Amino acid sequence: MAFDFEDDNYENIFSEAITINKYTSQGFEFSSDHKTLLMAPKDIIEFEVPDFVTTIGPSAFKSCEMLERIVLHDSIRSIAKDAFEYCSALKTFELPSSIKVLDLSLEGCTLLSSIEIPESVKTIKSFNLRWCKSLKEIRLPKSLKTISLYLTECISLSSLVIPESVKVITSL
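Here we summarise the structure given alongside this text. Keep in mind that this is a model prediction, so the values were computed, not measured. (Residues numbered from 1 in each chain as written. Predicted model: local features only at pLDDT ≥ 70, side-chain atom pairs only at ≥ 80, totals over all residues. Heavy atoms only, no water.)

Turning to the pattern of salt bridges, a few remarks are in order. Any two side chains of opposite charge can pair, so long as their charged atoms come close to each other. A full pass over the atoms with the stated rule returns 6 salt bridges. The closest approach of N and O atoms between E46 and R69, which form a salt bridge, is 3.5 Å. Placement of E46 in strand β5 (residues 46–48) and of R69 in strand β7 (residues 69–71) is noted, with a sequence separation of 23 residues between them. On the accessibility criterion, R69 (43% relative accessible area) is partly exposed. When the shortest N-O distance is used, the salt bridge between K81 and D103 registers 3.5 Å. Separated by 22 residues along the polypeptide, K81 in the loop between β8 (78–79) and β9 (92–94) and D103 in strand β10 (residues 101–105) bring together distant segments of the chain. Connected via shared salt-bridge partners are K62, D82 and E85. (Salt bridge = Lys/Arg side-chain N within 4 Å of Asp/Glu carboxyl O. Helix = DSSP H or I, 4+ residues; strand = E, 2+ residues; numbered from the N terminus. Buried < 20%, exposed > 50% of the residue type's maximum accessible area, 1.4 Å probe, protein only.)

Another aspect to go through is unusual backbone geometry. Backbone geometry at Q26 places phi at a positive 55°, although glycine is not the residue there. On the secondary structure map, Q26 appears in the loop between β2 (19–25) and β3 (28–31). For W131, which is not glycine, the phi dihedral falls at a positive 65°. Here W131 lies in the loop between β12 (123–128) and β13 (137–139). Take W131: its relative accessible area is 28%, and that puts it in the partly exposed class.

For the rest of this paragraph, the subject is the sheet that holds β9. Strand order in the open sheet formed by 4 strands is β9-β11-β13-β15, with parallel pairing between adjacent strands. Across the chains shown, the open sheet's two edge strands, defined by having one partner strand only, are β9 and β15 (159–160). Bridge analysis of β13 against β15 gives 2 bridges, and the strand direction is parallel. Following the sheet pairing, I138 is matched in β15 by L160. (Pairing = 2+ DSSP bridges.)

Each aromatic ring pair is characterised by the separation of its centres together with the angle its planes make. Inspection of every chain in the model, using the stated rule, returns 6 aromatic pairs. Arranged with centres 5.0 Å apart and planes meeting at 10°, the rings of F61 and F84 form a pair that is stacked. Of this pair, F61 sits in the loop between β6 (55–56) and β7 while F84 is found in the loop between β8 and β9, placing the two residues 23 residues apart along the sequence. Judged on exposure class, the residue F61 and its partner F84 are both buried. The interplanar angle of 65° and the centroid separation of 5.2 Å between the aromatic rings of F84 and F93 together place this pair among those described as edge-to-face. Both residues of the pair, F84 and F93, belong to the buried class. A connected cluster of aromatic rings, assembled from ring pairs, spans F28, F30, F47, F52, F61, F84 and F93. The ring of W131 carries the charged tip of R130 above its face, separated from the ring centre by 4.0 Å. (Phe/Tyr/Trp six-rings, centres within 6.5 Å; stacked < 30°, edge-to-face > 60°. Lys NZ or Arg CZ within 6 Å of the ring centre and 35° of its normal.)

This is the structure in structure tokens:
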């Protein structure tokens, strides 16, 4: 999917507290510099995040209940904690190797069956997988040092190997 920002809607939202400049293109909202994906259309089924995006903003894909597949490139440096909550049709989730610290919630992604955390991640600050009822496997990197997981209602989970490198384990 190509985005042409020249012909798209530019909006300047001003309040006493903040000013937000954003572009809207094909139902997606981006920051004025195009580097942050702020919001995706709720009816999206599959999406490859463009290379120019470096940040997935808060609630960007939240409750995109038809989203089955998302491709995140190594241009992504940060993902807001609740960006992918309640994407109930999402089946797999693969993080880019550009992520170093994970602070993410995939709560309510009920069809999610597997997750692979890249070797680049050394710390899992928090990882909420509550109500991921189809989740069978979580692959953790051998480089991981600290992990904090929330796994309530992950009734299908059959494989989670904690690497020997992990020194601290906490539960949310």
